Amino acid sequence: MSVPTQVQLNASVNQQWLLTTDDQPLPMQLVRVDGGIAMNSCYTCYSATFELPESIWVDQGSYEIRSPEGKAYYLLLAPVGLSPAGQYQMEAVFHVLIPAIETA
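Residues numbered from 1 in each chain as written. Predicted model: local features only at pLDDT ≥ 70, side-chain atom pairs only at ≥ 80, totals over all residues. Heavy atoms only, no water.

Q: Where do I start with the overall build of the protein in this structure?
A: When its secondary structure is counted, the protein shows 2 helices and 6 strands. Of the regular secondary structure in the protein, the N- to C-terminal order runs α-β-β-β-β-β-β-α. Relative to the 2.2 N^0.38 estimate, which gives 13 Å for 104 residues, the radius of gyration of the protein is 13 Å and therefore close to what a compact globule would have. Burial status across the protein gives 33% buried among its 104 residues. (Helix = DSSP H or I, 4+ residues; strand = E, 2+ residues; numbered from the N terminus. Rg over C-alpha atoms; globule rule 2.2 N^0.38 Å. Buried < 20%, exposed > 50% of the residue type's maximum accessible area, 1.4 Å probe, protein only.)

The following block contains the structure:
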């Protein structure tokens, strides 16, 4: 199963993605991509923070999300707090084998 690379995510910061909940698409904005600390030299680690529309909340869970280009990914999203404007934010964390990234 593929995941978006850090390069792909960085290219779509401040763009709209779609989160599918109960078969309903919900727009969300990718607001930040951060590097992380990998488990070892064979892995890379990064995270993506998405902001939900005002007054919308979803539980932690695995969801289908679609990139601005329409590519679908299944990701575990966890709530991480509120934006300065009070909108809920969800985060996906990636720990990926480096060869898998190079072939994706």
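There is more to say, and it comes next.
Q: How should I be thinking about the side chain of Ser67 in this particular structure?
A: Examined against the element boundaries, Ser67 turns out to sit in the loop between strand 4 (61-66) and strand 5 (72-82). Under the relative-accessibility criterion, Ser67 is labelled buried at 7%. Once you skip the residues sitting within four places of it in the chain, Ser67 turns out to touch Trp17 and Tyr73. (Contact = heavy atoms within 4.5 Å.)

Q: Mind showing me how you'd approach the pairing of strand 3 (residues 43-51) here?
A: A regular strand places its side chains so that they alternate between the two faces of the sheet. Counting buried positions along strand 3 gives 7 out of 9 residues, so the element sits mostly inside the fold. Summarising the sheet, strand 3 and strand 6 (residues 88-97) pair through 9 bridges and their orientation is antiparallel. Bridging from a neighbouring strand, Phe50 pairs with Met90 of strand 6. (Pairing = 2+ DSSP bridges.)

Q: Explain the nonpolar core here, please?
A: The nonpolar side chains of soluble globular proteins are, as a tendency, buried together. The biggest cluster of nonpolar side chains holds 21 residues, and the ones touching the most others in it are Leu19, Ile65 and Leu77. Those residues in contact with Leu19 that sit more than four places away from it in its chain are Gln24, Pro25, Leu26, Met28, Leu52, Val58, Tyr63, Glu64, Ile65 and Leu77. (Core = buried A, V, L, I, M, F, W, Y, C linked by side-chain atoms within 4.5 Å.)

Q: Looking at this structure, I do not really get the pattern of salt bridges. What am I missing?
A: Oppositely charged side chains may form a pair once their charged atoms are brought near each other. Under the definition given, this model contains 2 salt bridges. One salt bridge connects Arg32 with Asp34, and the closest N-O pair in it is separated by 2.8 Å. Between Arg66 and Glu64 there is a salt bridge; the shortest N-O distance is 3.5 Å. Looking at Glu64, the relative accessible area reads 17%, which means it is buried. (Salt bridge = Lys/Arg side-chain N within 4 Å of Asp/Glu carboxyl O.)

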